[in-house]
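Residue-level listing of the chains:
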Amino acid sequence: MKVEMSVGDFLRRAVEVFPDRLALVDEPGAEGSLGRLTYSELGLRVRSMARSLEEMGVGVGDRVALISPNAGKFLVSYFGTSGYGRVLVPINYRLNADEVAYILDHSGASVALVDPEFAHLVPESVNYRRIVLNGRDDEALFAAQGPDREPSEWVGDEDSACSINYTSGTTARPKGVQMTHRNAWTNATILGWHTTVTDRDILLHTLPMFHCNGWGMPYAVTGMGGAHVIQRKIDGESILSRIESEGVTLLCGAPAVWAATLDAAQQRLKEGRPLPGRDLVRVVTAGAPPPSRTIERLQSELGWELIQIYGLTETSPLLTVNRSLKEWDGIDDRERARRLSRAGTPALGVQIEVDQNGEILARSNHVFAGYWNQPQETEAALVDGWFHTGDGGFFKDGYLTISDRKKDVIITGGENVSSIEVEDVIFQHPSVAEVAVIGVPDPKWGETVKALVVAREGMVLTEEEIIAFCRERLSHFKCPTSVEFRDELARTATGKLQKFKLRSPYWQGMERHVN
Ligand code: AMP
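Each chain carries its own residue numbering, running from 1 in the written order of its sequence. Two thresholds apply to this predicted model, a pLDDT of at least 70 for residue-level local features and 80 or more for giving and counting side-chain atom pairs, whereas whole-chain, interface and lining totals are computed over all residues. Excluding hydrogens and water, the side-chain values take into account all heavy atoms of the structure.

1. Digging into the side chain of Thr 222
- The helix and strand labels rest on DSSP assignments: H or I over at least four residues marks a helix, E over at least two residues marks a strand, and numbering proceeds from the N terminus. Relative to the helices and strands, Thr 222 resides in helix H6 (residues 217-224).
- In terms of polar contacts, Thr 222 uses its side chain to reach the backbone carbonyl oxygen of Pro 218, at 2.6 Å.
- Sequence-distant contacts of Thr 222, that is, excluding residues within four places in its chain, are made with Phe 10, Leu 11, Ala 14, Tyr 39, Leu 75, Phe 79 and His 228. What qualifies as a polar contact is a pair of N or O atoms within 3.5 Å, subject to a donor-acceptor requirement within protein and to the restriction that residues adjacent in sequence count only when both atoms come from side chains. What makes two residues a contact is simply this: any of their non-hydrogen atoms within 4.5 Å.

2. Considering the environment of Gly 35
- Looking at the secondary structure, you find Gly 35 in the loop between strand E1 (22-25) and strand E2 (36-38).
- Only protein chains enter the area calculation, which uses a 1.4 Å probe; residues under 20% of their type maximum are buried, those over 50% are exposed, and those in between are partly exposed. For Gly 35, a relative accessible area of 26% corresponds to the partly exposed category.
- Spatially, the C-alpha atom of Gly 35 lies 35 Å from that of Leu 319, the residues being 284 residues apart in sequence.
- In this structure Gly 35 touches Leu 24, Val 25 and Asp 26, once residues within four positions along its chain are discounted.

3. Some details on the nonpolar core
- Membership of the largest hydrophobic core comes to 98 residues, with the highest contact counts inside it found for Leu 42, Ile 91, Leu 104, Leu 113, Val 122, Met 217 and Tyr 219.
- Top element by residues in this core is helix H2 (residues 39-55). It accounts for six residues.
- For this core, the two domains that each supply at least three residues are domain 1 (8-346) and domain 2 (351-405).
- Nonpolar core, defined: a set of buried Ala, Val, Leu, Ile, Met, Phe, Trp, Tyr and Cys residues in which side-chain atoms within 4.5 Å join the residues together. Counting 26 residues, the second largest nonpolar core, distinct from the first, contains Ile 239, Ile 243, Leu 302 and Leu 340. Those domain boundaries reflect an automatic or database domain assignment.

4. Overview of unusual backbone geometry
- Here the bond from Ser 316 into Pro 317 is cis, since omega is 10 degrees, no more than 30 degrees from zero.
- Residue Asn 213 is not a glycine yet carries a positive backbone phi of 50 degrees.
- Along the chain, the position of Asn 213 falls in the loop between strand E9 (202-205) and H6.
- Not every positive phi belongs to a glycine, and Trp 215 is a case in point at roughly 60 degrees.
- Considering the arrangement of structural elements, one finds Trp 215 in the loop between E9 and H6.

5. A short note on the packing of helix H5 (residues 181-194) against H6
- Note on definitions: angles span 0 to 180 degrees between N-to-C directions of axes, and those axes are lines fitted to C-alpha atoms, for helices only across the stretch in contact. Running from N to C, H5 and H6 cross one another at 70 degrees; their axes reach a closest spacing of 8 Å. Judged by the angle between their axes, H5 and H6 are roughly perpendicular. For the element pair H5 and H6, the recorded crossing hand is right-handed. Contact with H5, carried on its side by Ala 184, Ala 188, Leu 191 and Gly 192, involves Met 217, Tyr 219 and Ala 220 of H6 and no other residues of that element.
- Among the residues forming the contact of H5 with H6, the class breakdown is six nonpolar, one polar and no charged. Angles are sorted into four bins: roughly parallel if under 35 degrees, roughly antiparallel if over 145, roughly perpendicular if 65 to 115, and oblique for all others. Left-handed describes a crossing in which the near helix is turned anticlockwise from the far one by less than a right angle; the clockwise case is right-handed. When residue character is reported, Ala, Val, Leu, Ile, Met, Phe, Trp, Tyr, Cys and Pro are called nonpolar, Asp, Glu, Lys and Arg charged, and the others, Gly included, polar.

6. A word on empty space enclosed by the protein
- The way it works is a 1 Å grid over only the protein atoms, where trapped points that fit a 1.4 Å probe form a cavity and open points with protein on both sides within 12 Å along at least five of seven lines form a pocket, and then any residue with an atom within 4 Å of a point lines it. Grid points are joined across faces, edges and corners, and a volume is the space filled by probe spheres set on the points. Tallied over the full model, the rule gives three cavities of 30 Å³ or more.
- Looking at the largest cavity, its volume works out to about 100 Å³.
- Forming the boundary of the largest cavity are 14 residues, of which Glu 31, Gly 32, Ala 71, Asp 115 and Arg 232 lie nearest the centre.
- Residue composition of the lining of the largest cavity, grouped by class: four nonpolar, four polar and six charged.
- The space that makes up the second largest cavity amounts to roughly 60 Å³.
- Lining the second largest cavity, in full, are Leu 203, Leu 204, His 205, Thr 206, Leu 207, Met 209, Gly 214, Met 217, Pro 218 and Cys 252.

7. Focus: the pairing of strand E5 (residues 111-114)
- Alternating positions in E5 separate into two faces, Val 111 and Leu 113 on one and Ala 112 and Val 114 on the other, with burial throughout.
- Both strand E3 (residues 63-67) and E5 contribute to a ladder of four bridges, which runs parallel. When the sheet's bridge partners are listed, Val 64 is paired in E5 with Val 111.
- We call two strands paired when DSSP finds no fewer than two bridges between them. When E5 meets strand E6 (residues 129-132), the two strands line up parallel, connected through four bridges. Looking across to E6, one finds that Val 111 is bridged to Arg 129.

8. Looking at the sheet that holds strand E12 (residues 282-285)
- What the nine strands build is an open sheet, ordered E2-E1-E10-E9-E11-E12-E13-E14-E15; its pairing is mixed. The open sheet has two edge strands, E2 and strand E15 (345-346), and neither has a second partner.
- In the sheet, E12 pairs with strand E13 (residues 305-311) via four bridges, with the strands oriented parallel. Residue Val 284 lies in a different strand from E13, and its bridge partner there is Ile 307.
- Sheet strands touched by H2: E1, E2 and strand E10 (227-230). Its angle to E2, the strand with the most contacts, is close to 95 degrees.
- Across the face of the sheet, H5 comes into contact with E13 and strand E14 (318-322) while running at roughly 0 degrees to E14.

Next comes the structure, spelled out in structure tokens:
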């Protein structure tokens, strides 16, 4: 028997098995907040959304765009659109109006749902129906209503797109990644297995829900009947207080989020306040290699478990996972952190190879179907059954390490330098808050290593100090030859450094940006 996989399956199970359980704690006080809902109440909202879209003439396969920070209505939309064959297009709310307009146009969305705070990003248009999620314009869409307004069930097609996720702007124009129901289903269940999601889990949404559908974790947690706690704005202290008040057990996010959380924890200690979640909280991190010092501090200062994963929007995202093994029992925090700082081993059902150019290639059931309306880009990314990640890496002892984004490799005097390796070292300096290492042109060496550093508040740092610190820890050719201090570094909404932006001023007027 073959039953078509649908992301609707995750919610269906929760409503059937756990109707009276707490499903959602929406951000209190946010305009249009849904408050606290059980799974049966969440199911009603989802069916209501599906029915309303149907009444608006939005057919199976039509695109529904959503521009919103984390919100209860985002959770409803995952299921109210995709679960009924409509295609969700989550758009990064930190883009500007032009970038949003490009995606609305490119995806051909017929409906644009927009959070009230970001309504200015979406003008009225004849091309789509604009609905502001303020609790009034969208009243019918998210109403809790009875069985008289049931939506038509969708027969299902696991190879059709459940969402189109536009990649986060580290390249010039975003590309629309078509994630199929089969992609989302296999990713969510395998991710849920590797991170042992159970019905006891309470997920704090610290990862933007638009980013690769929250890495699929919202599906996994729903399928098990766990609870969702919405966090609209990310700051360390509110993460700690939500963990405390809601009994949160699971969080996902980029390494920068954990750095902020650790700072907030330090502040609490100074004030003599308790730190929540010891031996209860699991943190899943990806998007950038977490500095080993951050991993070590999460373990030693907070007593939280860190699980690293690696992947891309194109891979739904799970490719590798790194979680403490039974063989590591008894090792100290520093050694554990060192081991966990690698991207990990291939997840179940994933094959990974590193080609002769050092590029990581991947195959699995959750690698995407192709970019929306960009056949040439698709052809370049999916070659002979392998997805080309554009990341550089190597395997050692069965573990994959991401040594660089391909575009970021610094080649100085013929030697390859991993900017990530240098960043990791500089980040160990106690006065460093943020760091980016880039290659800049150099008349003698071709390229030379430059560090852009943000000092911790109140700390004074010098170029000499950083270079000497690196020289104690790295081969000399890997050490920066110059250091510049900045107030902040350009990052994407999900916390990744925008290296191309940081590099470009140094390469202006040159034909190639490698030397
Ligand atoms: P995105 O598609 O926006 O999620 O970005 C995916 C990119 O993030 C990958 O191609 C990697 O360059 C980077 N990335 C994701 N996870 C990791 C990780 N664990 N370590 C290093 N880089 C990562």
